[in-house]
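Residues per chain, in single letters:
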Amino acid sequence: MGKGKITGFVHSGITVKDLDASLEFYVDLLGLKLRSRQNVTDDYVLNIVEIPGIKEIKIAFIEIPGGTVIEMLEYEGTKTYSGAARTCDYGTGHICLQVENLESMYEDLKEKGVQFQSKGVQNITSGANKGAKAIYMLDPDGYIIELMESK
C-alpha cells in the first residue's frame, strides 16, 4: 500500500450564523452561484464534526466563477459563538475574489450597507500583485472577503 498524497482541491468551508442571510449576501448581492442546499442529520456527518448536541447542519455549496466551491454550514442544536477576529489573529482567514471594476463595485456595495474593513480601494504597489487593486470587506458574520482587480 502506497503513501497517501494530496491530489486536488475540493472546497473551503465557512460556518455561518444564519444560512439564509449568508446566501442573500453571497448569491443575491455578490452574484455567486448556489450549487446545492440541504439539511443534514446523517450520523456520518455528525461523527465527522463531533460537536455534542448537534441536531442538524444546514449546508449550502456556492460556486465562484472558475469552479471554486465554498461550503457554508449553519449548526442547529448547540450554542454557537462568533469566530470573527482581526486579520492578524491566527485561526482566522479570508477568501479573495477576482473582480472587474473594483471602484464601482465598492461604491455599489457600500451604498447597499456592506461593511468594509479597508477605508477604500488600495493600489498594490509591490510584490506579486503589484499594479492590482484590493479591498477587504466583511460578510454578515464578520468573515473577511478580499476583492481584487488584477493589473
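Predicted, not measured: the structure shown is a model, and the values here were computed from it.

Undergrad: Is there a simple way to explain the nonpolar core in this structure?
TA: One broad trend across soluble globular proteins is that nonpolar side chains are buried collectively. Of all hydrophobic cores here, the largest spans 25 residues; its most connected members are Tyr26, Leu30, Met137 and Leu147. When contributions to this core are tallied by element, the ones reaching two or more residues are helix H1 (19–29), strand E3 (56–63), strand E4 (69–76), strand E5 (94–98), helix H3 (102–111), strand E8 (133–138) and strand E9 (144–149). A total of four residues in this core trace back to one element, the largest contributor, which is H1. In this view, Leu30 contacts Phe25, Leu97, Met105, Leu109 and Met137; residues no more than four positions away in its chain are not counted.

Undergrad: Hey, could you run me through the pattern of salt bridges in this one?
TA: When the charged atoms of two side chains with opposite charge come close together, those side chains can pair. Across all of its chains, the model carries six salt bridges by this definition. As a salt-bridge pair, Lys58 and Glu76 come within 3.6 Å of each other at their nearest N and O atoms. One end of the pair, Lys58, is in strand E3; the other, Glu76, is in strand E4, and 18 residues separate them in sequence. On the basis of relative accessible area, Lys58 is assigned to the partly exposed category, the value being 21%. Glu76 gets classed as partly exposed once you look at its relative accessible area, which sits at 26%. Of the charged contacts in the structure, one is a salt bridge between Asp89 and Arg86, with a shortest N-O distance of 2.8 Å. Taking relative accessible area as the criterion, Asp89 reaches 24% and is therefore assigned partly exposed.

Undergrad: What exactly am I supposed to notice about the packing of aromatic side chains here?
TA: Each aromatic ring pair is summarised here by two numbers: the centre-to-centre distance and the angle between the ring planes. Taken as a whole and judged by the stated rule, the model has two aromatic pairs. Pairing Phe25 with Tyr26 gives two aromatic rings, centres 5.0 Å apart and planes at 80°, and the pair type is edge-to-face. Here Phe25 and Tyr26 have matching classes, each one buried. Seen from their ring centres, Tyr106 and Phe116 are 4.7 Å apart, and the 80° between their planes marks the pair as edge-to-face. Pair noted here: Tyr106 is in helix H3 and Phe116 is in strand E6 (residues 115–116), with a separation of 10 residues, a long-range link. Under the relative-accessibility criterion, Tyr106 is labelled buried at 8%.

Undergrad: For this particular structure, what's the right way to read H1?
TA: Residues three or four positions apart in an α-helix share a direction because the helix packs 3.6 residues into each turn. Of the residues making up H1, those classed as buried are Leu19, Ser22, Leu23, Phe25 and Tyr26. With its buried residues spanning 160° around the axis, H1 presents them on a single face. In this structure, H1 carries Glu24 and Asp28 as exposed residues pointing more than 90 degrees from its buried face. Backbone nitrogen of Asp20 and a side-chain oxygen of the N-cap are separated by 3.0 Å at the start of H1; the cap is Asp18. Where H1 terminates, the next one or two residues include Gly31, which has phi positive at roughly 85°.

Undergrad: What's the story with the sheet that holds strand E1 (residues 12–15) in this structure? I'm lost.
TA: Picture the strands of a sheet paired through backbone hydrogen bonds; they go either parallel or antiparallel. What the four strands build is an open sheet, ordered E1-E4-E3-E2; its pairing is mixed. Every other strand in the sheet has two partners, leaving E1 and strand E2 (33–40) as the edge strands with one partner each. The sheet shows a mean angle of 20° between the axes of neighbouring strands, taken without regard to direction. Note: E1 against E4, four bridges, orientation parallel. Looking at the pairing, Ile14 lines up with Met72 of E4.

Cut-offs used in this document
Residues numbered from 1 in each chain as written. Predicted model: local features only at pLDDT ≥ 70, side-chain atom pairs only at ≥ 80, totals over all residues. Heavy atoms only, no water. Core = buried A, V, L, I, M, F, W, Y, C linked by side-chain atoms within 4.5 Å. Buried < 20%, exposed > 50% of the residue type's maximum accessible area, 1.4 Å probe, protein only. Helix = DSSP H or I, 4+ residues; strand = E, 2+ residues; numbered from the N terminus. Contact = heavy atoms within 4.5 Å. Salt bridge = Lys/Arg side-chain N within 4 Å of Asp/Glu carboxyl O. Phe/Tyr/Trp six-rings, centres within 6.5 Å; stacked < 30°, edge-to-face > 60°. Arc of directions from axis to C-beta. Polar contact = N/O pair within 3.5 Å; in protein donor to acceptor, adjacent residues only side chain to side chain. Pairing = 2+ DSSP bridges. Axes fitted to C-alpha atoms, helices over the stretch in contact; angles between N-to-C directions.

Shape is all these values report; function is a separate question.
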